[in-house]
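# Summary of structural features
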Amino acid sequence: MDDIRALELYSGIGGMHFALRDCCPAAKVVAAVDINDHVTQVYAHNFPNVKVKNKGIEGISVKELDNFGFNMVLMSPPCQPFTRIGLQKDINDKRTKSFMHFLSILPKLQKGPEYLLLENVKGFEKSMAHEELCKTLDVCGYHKTEFLLSPKHLGIPNSRLRYFMLAKKSKFHHLVSRNDEELWTTLPLSLTDKQNCNREDTEEAIKAKCPKMDDQVRVQETCISHPISEFLEKDVPEDYKVPDKVKSRYINVMDIVPQESKISTCFTKSYTQYAEGTGSALILKAPPNHSENKSARNANDYDLRYFTPREVANLMCFPDSFTFPDFVTRKQRYRMLGNSLNVKVVSYLISLLLLDGDMKSS
Ligand code: SAH
(Lines give C-alpha, C1' and ligand atoms only; values in the text may rest on other atoms or scores of the structure.)
Protein backbone atom coordinates (compact mmCIF):
# COMPACT_ATOMS: atom_id res chain seq x y z
CA MET A 1 0.00 0.00 0.00
CA ASP A 2 1.05 3.58 -0.59
CA ASP A 3 2.55 5.62 2.20
CA ILE A 4 -0.06 7.55 4.10
CA ARG A 5 -0.14 11.27 3.27
CA ALA A 6 -2.92 12.87 5.27
CA LEU A 7 -4.66 16.20 4.92
CA GLU A 8 -5.97 17.40 8.29
CA LEU A 9 -8.99 19.70 7.96
CA TYR A 10 -10.39 21.75 10.88
CA SER A 11 -7.09 20.75 12.45
CA GLY A 12 -7.41 22.64 15.79
CA ILE A 13 -4.56 21.65 18.09
CA GLY A 14 -3.81 18.53 16.05
CA GLY A 15 -5.69 15.73 17.81
CA MET A 16 -6.02 13.88 14.49
CA HIS A 17 -2.29 14.23 13.81
CA PHE A 18 -1.38 12.80 17.22
CA ALA A 19 -3.80 9.91 16.59
CA LEU A 20 -2.29 9.17 13.17
CA ARG A 21 1.21 9.30 14.59
CA ASP A 22 0.16 6.97 17.41
CA CYS A 23 -1.05 4.19 15.12
CA CYS A 24 1.02 4.83 12.04
CA PRO A 25 4.32 6.54 12.91
CA ALA A 26 5.53 6.54 9.29
CA ALA A 27 2.47 8.48 8.07
CA LYS A 28 2.89 12.11 7.07
CA VAL A 29 0.49 15.04 7.41
CA VAL A 30 0.95 17.04 4.20
CA ALA A 31 -1.05 20.05 5.39
CA ALA A 32 -3.34 21.20 8.20
CA VAL A 33 -6.08 23.79 7.71
CA ASP A 34 -7.93 25.80 10.38
CA ILE A 35 -9.46 29.27 10.37
CA ASN A 36 -8.50 30.13 13.96
CA ASP A 37 -5.04 31.59 14.41
CA HIS A 38 -4.81 30.72 18.12
CA VAL A 39 -5.15 27.00 17.46
CA THR A 40 -2.91 27.08 14.39
CA GLN A 41 -0.17 28.57 16.58
CA VAL A 42 -0.50 25.66 18.99
CA TYR A 43 -0.51 23.27 16.04
CA ALA A 44 2.64 24.80 14.56
CA HIS A 45 4.32 24.73 17.98
CA ASN A 46 3.80 20.95 18.16
CA PHE A 47 4.33 20.16 14.48
CA PRO A 48 6.87 22.70 13.20
CA ASN A 49 7.44 20.73 10.00
CA VAL A 50 3.82 20.66 8.83
CA LYS A 51 2.42 23.23 6.41
CA VAL A 52 -0.34 24.93 8.46
CA LYS A 53 -2.87 26.98 6.51
CA ASN A 54 -4.65 29.54 8.60
CA LYS A 55 -7.74 30.01 6.43
CA GLY A 56 -11.37 29.05 5.95
CA ILE A 57 -12.02 25.76 4.17
CA GLU A 58 -14.78 27.45 2.14
CA GLY A 59 -11.95 29.35 0.42
CA ILE A 60 -10.05 26.26 -0.71
CA SER A 61 -10.09 25.42 -4.42
CA VAL A 62 -9.94 22.05 -6.17
CA LYS A 63 -6.52 22.97 -7.53
CA GLU A 64 -5.16 23.86 -4.10
CA LEU A 65 -6.38 20.57 -2.68
CA ASP A 66 -4.97 18.58 -5.62
CA ASN A 67 -1.59 20.20 -5.06
CA PHE A 68 -1.39 18.89 -1.50
CA GLY A 69 -1.05 15.34 -2.92
CA PHE A 70 -2.83 13.49 -0.09
CA ASN A 71 -4.40 10.05 0.04
CA MET A 72 -6.17 10.40 3.41
CA VAL A 73 -8.45 13.09 4.84
CA LEU A 74 -8.89 13.47 8.60
CA MET A 75 -11.52 16.01 9.59
CA SER A 76 -13.54 17.35 12.54
CA PRO A 77 -15.99 19.88 11.07
CA PRO A 78 -17.51 22.37 13.56
CA CYS A 79 -20.02 20.53 15.71
CA GLN A 80 -22.13 23.43 17.01
CA PRO A 81 -24.77 23.08 14.23
CA PHE A 82 -25.48 19.51 15.43
CA THR A 83 -25.11 19.57 19.22
CA ARG A 84 -28.12 18.44 21.19
CA ILE A 85 -28.14 21.59 23.31
CA GLY A 86 -27.71 23.90 20.29
CA LEU A 87 -30.29 25.16 17.81
CA GLN A 88 -29.54 22.29 15.41
CA LYS A 89 -29.67 24.53 12.37
CA ASP A 90 -27.74 21.84 10.57
CA ILE A 91 -26.97 22.73 6.93
CA ASN A 92 -28.65 26.13 7.38
CA ASP A 93 -26.08 27.12 9.99
CA LYS A 94 -23.34 29.26 8.47
CA ARG A 95 -20.76 27.14 10.28
CA THR A 96 -21.71 24.19 8.01
CA LYS A 97 -20.92 26.16 4.85
CA SER A 98 -17.25 25.16 4.68
CA PHE A 99 -18.11 21.48 5.12
CA MET A 100 -20.68 21.65 2.30
CA HIS A 101 -17.98 23.31 0.19
CA PHE A 102 -15.62 20.42 0.89
CA LEU A 103 -18.35 17.94 -0.11
CA SER A 104 -18.93 19.85 -3.34
CA ILE A 105 -15.27 19.63 -4.36
CA LEU A 106 -14.56 16.05 -3.29
CA PRO A 107 -15.97 14.59 -6.55
CA LYS A 108 -13.94 17.09 -8.59
CA LEU A 109 -10.51 16.13 -7.24
CA GLN A 110 -8.10 14.61 -9.74
CA LYS A 111 -7.36 11.79 -7.35
CA GLY A 112 -9.75 11.60 -4.41
CA PRO A 113 -8.30 10.31 -1.12
CA GLU A 114 -8.19 6.55 -0.55
CA TYR A 115 -9.22 7.03 3.09
CA LEU A 116 -11.42 9.46 4.99
CA LEU A 117 -12.18 9.74 8.69
CA LEU A 118 -14.65 12.30 10.04
CA GLU A 119 -15.40 13.02 13.67
CA ASN A 120 -18.39 14.90 15.03
CA VAL A 121 -20.81 15.01 17.94
CA LYS A 122 -23.49 12.44 18.57
CA GLY A 123 -26.48 13.80 16.68
CA PHE A 124 -24.55 14.38 13.46
CA GLU A 125 -25.71 10.94 12.26
CA LYS A 126 -29.29 12.24 12.15
CA SER A 127 -28.47 15.50 10.34
CA MET A 128 -28.95 16.66 6.75
CA ALA A 129 -25.21 17.26 6.63
CA HIS A 130 -24.74 13.56 7.33
CA GLU A 131 -27.15 12.74 4.52
CA GLU A 132 -25.14 14.94 2.17
CA LEU A 133 -21.88 13.34 3.33
CA CYS A 134 -23.26 9.84 2.63
CA LYS A 135 -24.58 10.89 -0.80
CA THR A 136 -21.22 12.39 -1.77
CA LEU A 137 -19.27 9.37 -0.56
CA ASP A 138 -21.61 7.07 -2.52
CA VAL A 139 -21.24 9.15 -5.69
CA CYS A 140 -17.44 9.03 -5.33
CA GLY A 141 -17.50 5.25 -4.88
CA TYR A 142 -16.49 5.01 -1.22
CA HIS A 143 -17.28 2.15 1.11
CA LYS A 144 -18.23 3.39 4.53
CA THR A 145 -18.85 2.35 8.10
CA GLU A 146 -19.86 4.42 11.11
CA PHE A 147 -19.37 4.32 14.85
CA LEU A 148 -20.45 6.03 18.02
CA LEU A 149 -17.59 5.59 20.39
CA SER A 150 -16.44 6.98 23.73
CA PRO A 151 -13.01 6.70 25.42
CA LYS A 152 -14.71 4.74 28.21
CA HIS A 153 -15.30 1.95 25.68
CA LEU A 154 -11.52 1.60 25.49
CA GLY A 155 -11.03 1.60 29.26
CA ILE A 156 -10.10 5.28 29.49
CA PRO A 157 -11.83 6.97 32.47
CA ASN A 158 -13.56 9.71 30.48
CA SER A 159 -16.83 10.06 28.56
CA ARG A 160 -16.79 11.70 25.17
CA LEU A 161 -19.31 9.95 22.96
CA ARG A 162 -18.61 10.95 19.39
CA TYR A 163 -19.76 10.03 15.90
CA PHE A 164 -17.18 8.69 13.43
CA MET A 165 -17.41 8.04 9.71
CA LEU A 166 -14.76 5.76 8.24
CA ALA A 167 -14.70 5.61 4.44
CA LYS A 168 -12.34 4.16 1.86
CA LYS A 169 -12.16 3.33 -1.80
CA SER A 170 -11.57 -0.38 -1.25
CA LYS A 171 -14.06 -2.63 0.48
CA PHE A 172 -14.36 -3.18 4.20
CA HIS A 173 -13.99 -6.88 4.82
CA HIS A 174 -14.79 -6.95 8.50
CA LEU A 175 -16.19 -3.62 9.59
CA VAL A 176 -19.93 -3.43 9.24
CA SER A 177 -22.12 -0.38 9.59
CA ARG A 178 -24.27 -0.20 12.68
CA ASN A 179 -27.55 1.55 13.05
CA ASP A 180 -28.07 2.03 16.74
CA GLU A 181 -25.89 3.30 19.53
CA GLU A 182 -25.68 0.01 21.37
CA LEU A 183 -24.38 -1.78 18.29
CA TRP A 184 -22.23 1.04 17.03
CA THR A 185 -20.01 0.67 20.03
CA THR A 186 -19.44 -2.98 19.15
CA LEU A 187 -16.15 -3.25 17.35
CA PRO A 188 -14.83 -6.22 15.46
CA LEU A 189 -11.38 -6.25 17.03
CA SER A 190 -10.52 -6.09 20.67
CA LEU A 191 -7.91 -3.49 21.54
CA THR A 192 -5.50 -6.07 22.86
CA ASP A 193 -5.85 -8.25 19.77
CA LYS A 194 -5.28 -5.27 17.51
CA GLN A 195 -2.08 -4.35 19.27
CA ASN A 196 -0.62 -7.71 18.31
CA CYS A 197 -1.27 -7.11 14.60
CA ASN A 198 0.58 -4.97 12.16
CA ARG A 199 -0.36 -3.61 8.80
CA GLU A 200 1.84 -6.00 6.83
CA ASP A 201 -0.09 -8.98 8.14
CA THR A 202 -2.14 -11.02 5.69
CA GLU A 203 -5.74 -11.77 6.52
CA GLU A 204 -4.77 -15.30 7.59
CA ALA A 205 -2.09 -13.97 9.94
CA ILE A 206 -4.52 -11.49 11.48
CA LYS A 207 -7.16 -14.17 11.92
CA ALA A 208 -4.65 -16.39 13.64
CA LYS A 209 -3.68 -13.57 15.98
CA CYS A 210 -7.25 -12.37 16.50
CA PRO A 211 -9.31 -15.53 16.76
CA LYS A 212 -12.38 -13.61 17.90
CA MET A 213 -12.29 -11.22 14.99
CA ASP A 214 -15.39 -12.58 13.28
CA ASP A 215 -17.31 -12.69 16.52
CA GLN A 216 -17.63 -8.91 16.80
CA VAL A 217 -15.90 -8.69 20.15
CA ARG A 218 -17.10 -5.97 22.46
CA VAL A 219 -14.19 -3.73 23.36
CA GLN A 220 -15.71 -2.93 26.72
CA GLU A 221 -15.35 -6.53 27.75
CA THR A 222 -11.75 -6.87 26.69
CA CYS A 223 -10.23 -3.57 27.80
CA ILE A 224 -8.87 -2.95 31.24
CA SER A 225 -10.44 0.12 32.84
CA HIS A 226 -7.93 2.56 34.24
CA PRO A 227 -8.48 4.78 37.31
CA ILE A 228 -8.21 8.56 37.07
CA SER A 229 -5.18 8.49 39.41
CA GLU A 230 -3.04 7.29 36.48
CA PHE A 231 -3.74 10.53 34.61
CA LEU A 232 -2.98 13.04 37.37
CA GLU A 233 -0.08 15.45 37.79
CA LYS A 234 1.96 15.72 40.97
CA ASP A 235 2.10 18.94 43.00
CA VAL A 236 -0.84 20.75 41.47
CA PRO A 237 -0.88 24.46 42.50
CA GLU A 238 -3.43 25.67 45.03
CA ASP A 239 -5.16 27.90 42.50
CA TYR A 240 -6.77 24.85 40.88
CA LYS A 241 -8.94 24.46 44.00
CA VAL A 242 -12.64 24.97 43.31
CA PRO A 243 -13.35 28.32 45.06
CA ASP A 244 -15.62 28.20 48.11
CA LYS A 245 -18.22 30.40 46.49
CA VAL A 246 -18.49 28.06 43.47
CA LYS A 247 -18.65 25.04 45.75
CA SER A 248 -21.35 26.43 48.00
CA ARG A 249 -23.47 27.51 45.07
CA TYR A 250 -23.03 24.55 42.72
CA ILE A 251 -21.97 21.48 44.74
CA ASN A 252 -25.39 19.97 44.10
CA VAL A 253 -25.06 20.09 40.31
CA MET A 254 -21.34 19.43 39.87
CA ASP A 255 -19.92 16.11 38.78
CA ILE A 256 -17.22 15.27 41.34
CA VAL A 257 -15.02 12.18 41.23
CA PRO A 258 -12.43 10.59 43.52
CA GLN A 259 -9.07 9.63 42.00
CA GLU A 260 -10.00 5.93 42.18
CA SER A 261 -12.93 6.58 39.84
CA LYS A 262 -12.89 4.89 36.46
CA ILE A 263 -15.01 7.56 34.82
CA SER A 264 -15.22 11.34 34.47
CA THR A 265 -17.55 13.47 32.38
CA CYS A 266 -16.68 15.05 29.05
CA PHE A 267 -14.48 18.16 29.37
CA THR A 268 -16.03 20.89 27.25
CA LYS A 269 -14.59 24.19 26.13
CA SER A 270 -16.39 25.91 29.05
CA TYR A 271 -14.70 23.81 31.75
CA THR A 272 -14.23 25.89 34.95
CA GLN A 273 -16.36 28.71 33.45
CA TYR A 274 -19.63 26.92 34.22
CA ALA A 275 -20.02 24.37 36.99
CA GLU A 276 -22.69 22.15 35.46
CA GLY A 277 -22.13 19.77 32.55
CA THR A 278 -18.67 21.02 31.53
CA GLY A 279 -16.47 18.32 33.08
CA SER A 280 -15.75 16.66 36.42
CA ALA A 281 -13.89 18.13 39.40
CA LEU A 282 -11.55 15.99 41.51
CA ILE A 283 -12.39 15.19 45.13
CA LEU A 284 -9.41 15.85 47.41
CA LYS A 285 -11.41 15.31 50.58
CA ALA A 286 -14.93 13.97 51.01
CA PRO A 287 -17.01 13.10 54.07
CA PRO A 288 -17.13 9.37 54.95
CA ASN A 289 -20.79 9.31 53.94
CA HIS A 290 -20.13 10.80 50.45
CA SER A 291 -22.83 9.58 48.12
CA GLU A 292 -23.70 9.92 44.47
CA ASN A 293 -26.84 11.73 45.59
CA LYS A 294 -25.96 15.29 44.60
CA SER A 295 -28.72 16.96 46.59
CA ALA A 296 -27.46 15.45 49.87
CA ARG A 297 -24.07 17.18 49.65
CA ASN A 298 -22.86 19.85 52.02
CA ALA A 299 -20.24 22.11 50.39
CA ASN A 300 -18.23 22.54 53.61
CA ASP A 301 -17.53 18.81 53.77
CA TYR A 302 -15.70 18.77 50.46
CA ASP A 303 -12.30 19.79 49.24
CA LEU A 304 -12.30 19.89 45.42
CA ARG A 305 -10.00 20.96 42.63
CA TYR A 306 -10.27 21.29 38.88
CA PHE A 307 -8.29 19.01 36.61
CA THR A 308 -5.35 20.91 35.14
CA PRO A 309 -5.18 21.38 31.34
CA ARG A 310 -2.35 18.80 31.29
CA GLU A 311 -4.57 16.32 33.14
CA VAL A 312 -7.43 16.97 30.71
CA ALA A 313 -4.93 16.39 27.87
CA ASN A 314 -3.85 13.15 29.60
CA LEU A 315 -7.46 11.96 29.86
CA MET A 316 -7.84 12.79 26.16
CA CYS A 317 -4.73 10.64 25.60
CA PHE A 318 -2.49 13.37 24.18
CA PRO A 319 1.12 12.20 24.43
CA ASP A 320 3.57 13.80 26.87
CA SER A 321 5.26 15.46 23.89
CA PHE A 322 2.17 17.66 23.38
CA THR A 323 2.62 21.12 24.88
CA PHE A 324 1.04 24.56 24.71
CA PRO A 325 3.23 27.57 23.97
CA ASP A 326 3.68 29.60 27.18
CA PHE A 327 1.56 32.50 25.96
CA VAL A 328 -1.63 30.39 25.77
CA THR A 329 -3.73 31.16 28.86
CA ARG A 330 -5.27 28.51 31.09
CA LYS A 331 -8.76 29.42 29.87
CA GLN A 332 -7.65 29.09 26.23
CA ARG A 333 -6.07 25.70 26.97
CA TYR A 334 -9.36 24.36 28.34
CA ARG A 335 -11.19 25.82 25.32
CA MET A 336 -8.88 24.25 22.79
CA LEU A 337 -8.86 20.86 24.51
CA GLY A 338 -12.63 20.99 24.87
CA ASN A 339 -12.93 21.27 21.08
CA SER A 340 -10.48 18.48 20.43
CA LEU A 341 -10.79 14.71 20.53
CA ASN A 342 -9.59 11.59 22.28
CA VAL A 343 -6.35 10.59 20.58
CA LYS A 344 -6.56 6.86 21.44
CA VAL A 345 -10.11 6.53 20.14
CA VAL A 346 -9.17 8.07 16.81
CA SER A 347 -5.89 6.14 16.65
CA TYR A 348 -7.88 2.97 17.17
CA LEU A 349 -10.32 3.87 14.40
CA ILE A 350 -7.58 4.88 11.94
CA SER A 351 -5.87 1.56 12.48
CA LEU A 352 -9.15 -0.27 11.87
CA LEU A 353 -9.53 1.72 8.65
CA LEU A 354 -6.02 0.80 7.50
CA LEU A 355 -5.85 -2.72 8.87
CA ASP A 356 -9.10 -3.78 7.27
CA GLY A 357 -7.99 -2.14 4.04
CA ASP A 358 -4.74 -4.07 3.97
CA MET A 359 -6.34 -7.45 4.28
CA LYS A 360 -6.68 -9.39 1.08
CA SER A 361 -10.13 -10.92 0.65
CA SER A 362 -10.10 -14.68 0.55
N1 SAH B 1 -9.80 18.09 15.71
C2 SAH B 1 -9.44 19.40 16.18
C3 SAH B 1 -10.60 20.27 16.61
C4 SAH B 1 -11.70 20.48 15.69
S5 SAH B 1 -12.86 21.65 16.33
C6 SAH B 1 -8.46 19.28 17.34
O7 SAH B 1 -7.95 18.21 17.61
O8 SAH B 1 -8.20 20.27 18.00
C9 SAH B 1 -13.28 22.48 14.86
C10 SAH B 1 -12.20 23.37 14.32
O11 SAH B 1 -12.69 23.90 13.10
C12 SAH B 1 -11.86 24.57 15.20
O13 SAH B 1 -10.48 24.55 15.49
C14 SAH B 1 -12.23 25.80 14.35
O15 SAH B 1 -11.29 26.86 14.48
C16 SAH B 1 -12.18 25.22 12.95
N17 SAH B 1 -13.04 25.88 11.95
C18 SAH B 1 -14.30 26.33 12.12
N19 SAH B 1 -14.78 26.83 10.96
C20 SAH B 1 -13.79 26.68 10.04
C21 SAH B 1 -13.69 27.00 8.66
N22 SAH B 1 -14.69 27.57 8.01
N23 SAH B 1 -12.54 26.69 8.02
C24 SAH B 1 -11.50 26.12 8.68
N25 SAH B 1 -11.55 25.82 9.98
C26 SAH B 1 -12.68 26.08 10.66
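See the structure above.
Definitions and limits used
Per chain, residues are indexed from 1 in the order of the written sequence. In keeping with the predicted nature of the model, local features appear solely for residues at pLDDT of at least 70, side-chain atom pairs appear and are counted solely at 80 or more, and the whole-chain, interface and lining totals rest on all residues. Heavy atoms from the whole structure form the basis of all side-chain values; hydrogens and water molecules are not counted. Only DSSP runs of H or I with at least four residues qualify as helices, and only runs of E with at least two residues qualify as strands; both kinds are numbered from the N terminus onward. The cut-offs for exposure are 20% and 50% of the maximum accessible area for each residue type, with area from a 1.4 Å probe on protein chains only; residues under the lower value are buried, those over the upper are exposed, and the others partly exposed. Note on contacts: a residue pair is in contact if any heavy atoms of the two residues lie within 4.5 Å. Working definition of accessibility: Shrake-Rupley area with a 1.4 Å probe, residue cover restricted to the visible protein chains. Here, strands pair whenever DSSP counts at least two bridges between them. Any Phe, Tyr or Trp ring, taking Trp's six-membered ring, that has another such ring centre within 6.5 Å forms a pair; planes under 30 degrees apart are called stacked, those over 60 apart edge-to-face, and the others tilted. Only heavy atoms are used to decide nearness, and a residue is near a molecule or strand if one of them lies within 4 Å of it. For this analysis, a polar contact is any N or O atom pair within 3.5 Å, provided that within protein one partner can donate a hydrogen and the other can accept it, and provided that sequence-adjacent residues contribute only side-chain to side-chain pairs. Basically, the charged four are Asp, Glu, Lys and Arg, the nonpolar ten are Ala, Val, Leu, Ile, Met, Phe, Trp, Tyr, Cys and Pro, and anything else, Gly included, counts as polar. Two cysteine sulfurs form what is called a disulfide whenever their separation falls within 2.5 Å. Here, nonpolar core refers to any group of buried Ala, Val, Leu, Ile, Met, Phe, Trp, Tyr and Cys residues whose side-chain atoms link them within 4.5 Å. Interaxial angle, 0 to 180 degrees, is taken between N-to-C directions of lines fitted to C-alpha atoms, where a helix line uses only the stretch in contact.

## A word on the overall build of the protein chain
Helices and strands together make up the secondary structure of the protein chain, namely 13 helices and 10 strands. Among the 362 residues that make up the protein chain, the fraction classed as buried is 53%. Once local pairs closer than 6 in sequence are excluded, the contacts in the protein chain between residues at least 24 apart make up 73%. Here the protein chain has roughly 16,900 Å² of accessible surface; of this, 48% comes from carbon and sulfur atoms.

## A look at the pairing of strand β7 (residues 162-168)
Burial within β7 is extensive, with 7 of its 7 residues counted as buried. Residues of β7 alternate between two faces, with Arg162, Phe164, Leu166 and Lys168 on one and Tyr163, Met165 and Ala167 on the opposite face, all of them buried. Here 7 bridges tie strand β5 (residues 115-121) to β7, and the two strands are oriented antiparallel to one another. Bridging across to β7, Leu117 finds its partner in Leu166. Pairing analysis gives 7 bridges linking strand β6 (residues 143-149) to β7, with the strands arranged antiparallel. What sits directly across from His143, in β7, is Lys168.

## Here we look at the side chain of Thr308
Within the element layout of this structure, Thr308 appears in the loop between β10 (303-306) and α11 (309-315). The exposure class of Thr308 is buried, given its relative accessible area of 2%. Excluding anything up to four places from it in sequence, Thr308 contacts Glu233, Val236, Tyr240 and Tyr334.

## Things to note about the sheet that holds strand β9 (residues 281-285)
An order of β8-β9-β10 is seen for the 3 strands of this open sheet, with the pairing classed as mixed. Each edge of the open sheet is held by one strand with a lone partner, namely β8 (256-257) and β10. In this sheet, β9 lies alongside β8 in parallel orientation, the contact comprising 2 bridges. Paired with Val257 across the strands is Leu282, a residue of β9.

## Let's talk about the packing of aromatic side chains
Taken as a whole and assessed by the stated rule, the structure comprises 12 aromatic pairs. Between Phe267 and Tyr271 the ring centres are 4.9 Å apart and the planes differ by 80°, which places this aromatic pair in the edge-to-face class. Take Phe267 and Tyr271: they sit in the same class, and that class is buried. Seen from their ring centres, Phe318 and Phe322 are 4.8 Å apart, and the 55° between their planes marks the pair as tilted. Of the two residues, Phe318 and Phe322, neither departs from the other in class, the shared state being buried. Through a chain of ring-to-ring contacts, three or more aromatic side chains come together here, namely Phe18, Tyr43, Phe47, Phe318, Phe322 and Phe324.

## Considerations on the site of the ligand
Near the ligand there are 20 residues, and of these Ile13, Gly15, Asp34, Glu58 and Ser340 occur at the shortest range. Here Ser98 contributes a side-chain N or O atom positioned 3.3 Å from a nitrogen atom of the ligand. Burial of the ligand by the protein chains amounts to 87% of its free accessible area of 570 Å². Its residues assigned to classes, the shell around the ligand comprises 7 nonpolar, 10 polar and 3 charged.

## Thoughts on the state of the cysteines
Under the definition given, this model contains 0 disulfides. Cysteine Cys23 is unpaired, with the sulfur of Cys24 as its nearest cysteine sulfur at 5.4 Å.

## Quick word on the nonpolar core
Membership of the largest hydrophobic core comes to 70 residues, with the highest contact counts inside it found for Leu20 and Met72. For Leu20, the contacting residues outside a window of four places in its chain are Ile4, Ala6, Pro25, Ala27, Lys28, Val29, Met72, Leu74 and Ile350. By size, the runner-up hydrophobic cluster in this structure holds 34 residues, among which are Val73, Leu106, Cys140 and Tyr142.

## Description of the sheet that holds strand β4 (residues 72-75)
Pairing is mixed across the open sheet formed by 7 strands, whose spatial order is β3-β2-β1-β4-β5-β7-β6. If you trace the sheet from one side to the other, it starts and ends with β3 (52-54) and β6, each paired once. Neighbour to neighbour, the strand axes of the sheet diverge by 15° on average, direction disregarded. Relative to strand β2 (residues 28-34), strand β1 (residues 5-9) is paired through 5 bridges, and the arrangement is parallel. Considered in β2, the bridge of Glu8 is made with Ala32. With respect to the sheet, helix α2 (residues 37-46) is in contact with β1, β2 and β3, its orientation differing from that of β3 by roughly 170°.

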